[in-house]
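# Breakdown of the fold
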Amino acid sequence: MPDHAVSTERATELPEAAITAFQRDGVVCLRQAFGRHWLDLLDRGISENLRSPSPRQEVRRAQDNQEGPRYIEDFWVWSDFPAFESFVRQSPAAGLAAQLLGARRINLVMDNWFLREAGSTSRPPWHHDISYFDFEGSMCVLWLPLEATSKSEGISFVRGSHLWNRLFMRTFFADHRPAAAPGMVNGKLYEAPPDIDANPQDYELLSFDCAAGDCIFFDMRCLHGALSAHTPDQTRRRYTLRMAKEDARIRYRGDWAKQERAIMEAAGHREGDALESAFFPTLWENPGPL
């Protein structure tokens, strides 16, 4: 399929149990959804991106060891590197998202990759992605490890939390500091994330061992994080895609999203716009009824 074609295929037909699990739990692990050639393509893209970082690339090290192993990430880079664009437009990702979301159309929201060098200690805070960005609507995240990943080094999800109809304040990954005080912002109530660390028994947490080729899809509203820090003994890489159903729109949140907002506004987008444009390309479309 040419790079700029829009797929009308569903990719691998998912079993009804997988779709039900995603809708009920807010997360599902799909086994062997991506062949080795897709992982190799992402490996090439990350290597190229490391050599030519975007202005958005972030490199973090432990505060007490600024010469130590790095945690690196970059985002909105799919259009800068052919390997990423080929994956975004041609891989099964959008067709799988369409089935999980029950969508007529799937648009790309953003891509993002993470690299943790061996010895880099990191622990994601408990958060849900929906409060980090100026987006609203039916959206999911593909989380695809390029290497086999155990539960202990992955992330955990609070089962069913996407159905709580609550918003939790954005928390910075570097120091787990809240982006702002809880309260009303732009007409919406943002709460502090629940203290899952102190009361893990109060929540049903789901986590998955992933072989190479396995992936996780989760709802943008699903709370996730880690109960403890993990230090990898080898470099680990993850690639993520945020994808949206046809009902998704731009909805301005707080000042904490101004960096991402500036990027969207530079591409010509404003409050209330649909996520459908050259910046948010259509990846999959169903010409008829689902």
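Our structure is the block above this text.
These remarks concern the structure in this document. Starting afresh in each chain, residues are numbered from 1 along the sequence in its written order. Residue-level local features of this predicted model are given only where pLDDT is at least 70; pairs of side-chain atoms are given and counted only at 80 or more, and the full residue set underlies all totals for whole chains, interfaces and linings. Processing note: side-chain calculations cover all non-hydrogen atoms of the structure and skip hydrogens and water entirely.

### Some details on the nonpolar core
Within this scheme, the nonpolar core is defined by two criteria: the residues are buried Ala, Val, Leu, Ile, Met, Phe, Trp, Tyr or Cys, and they are joined through side-chain atoms within 4.5 Å. Note on exposure labels: buried denotes an accessible area under 20% of the residue type's maximum, exposed denotes more than 50%, and partly exposed covers the range between, all computed with a 1.4 Å probe on protein chains only. If you look at the biggest cluster of nonpolar residues, it comprises 81 residues, and the most contacted ones within it are Phe-34, Trp-76, Phe-87, Phe-135, Leu-142, Phe-217 and Met-243. Numbering of helices and strands runs from the N terminus, with a helix taken as a DSSP run of H or I at least four residues long and a strand as a DSSP run of E at least two residues long. The element contributing the most residues to this core is helix α4 (residues 93-101), with seven residues. By definition, residues are in contact when any of their heavy atoms lie within 4.5 Å. Residue contacts for Phe-135: discarding those within four places in its chain leaves Trp-76, Val-109, Ile-130, Met-220, Arg-249, Arg-251, Arg-253, Met-264, Leu-275 and Phe-280. Ranked by size, the runner-up nonpolar core spans five residues in total, among them Trp-126, Val-158, Ile-196 and Leu-223.

### Let's talk about the layout of surface pockets
A 1.4 Å probe that fits into a set of points on a 1 Å grid over the protein atoms alone but cannot get out defines a cavity; an open set with protein on both sides within 12 Å along at least five of seven lines defines a pocket, and lining residues are those with an atom within 4 Å of a point. Grid points are joined across faces, edges and corners, and a volume is the space filled by probe spheres set on the points. Computed from the structure, the largest pocket encloses a volume of approximately 950 Å³. In terms of lining residues, the largest pocket is bounded by 43 residues, among which Tyr-71, Glu-73, Phe-114, Pro-124 and Phe-173 are the most central. Sorting the residues of the lining of the largest pocket by element identifies β2 (58-60), β3 (71-75), β4 (105-116), β6 (139-145), β13 (224-225), β14 (236-244) and α5 (258-266) as the ones contributing at least two each.

### Some remarks on the sheet that holds strand β10 (residues 188-191)
Strand order across the open sheet formed by three strands is β8-β10-β9, with mixed pairing between neighbours. Here the strands that pair on one side only, and so sit at the sheet edges, are β8 (167-168) and β9 (183-185). In this structure, β9 lies alongside β10, joined through three bridges in antiparallel fashion. Looking at the pairing, Gly-183 lines up with Tyr-190 of β10. Criterion used throughout: strands pair if DSSP finds at least two bridges between them.

### Thoughts on the packing of helix α2 (residues 36-51) against helix α3 (residues 82-90)
Fitting a line to C-alpha atoms yields each axis, with helices limited to the stretch in contact; the angle taken between N-to-C directions then spans 0 to 180 degrees. At a closest axis distance of 8 Å, the pairing of α2 and α3 adopts a crossing angle of 145 degrees. Touching Trp-38, Leu-41, Leu-42, Arg-44, Gly-45, Ile-46, Glu-48 and Asn-49 of α2 are Ala-83, Phe-84, Ser-86, Phe-87 and Gln-90, all from α3. Under the grouping applied here, Gly and all other residues not named as nonpolar or charged are polar, the nonpolar ones being Ala, Val, Leu, Ile, Met, Phe, Trp, Tyr, Cys and Pro and the charged ones Asp, Glu, Lys and Arg. Grouping the amino acids of the contact of α2 with α3 by side-chain chemistry returns seven nonpolar, four polar and two charged.

### Quick notes on the side chain of Arg-105
Checked against the element boundaries, Arg-105 lands in strand β4. Discounting residues that sit within four places of it in the chain, Arg-105 has contacts with Ala-244, Lys-245, Glu-246, Glu-276, Thr-282, Trp-284 and Glu-285.

As far as function goes, none of this settles anything; it's purely spatial.
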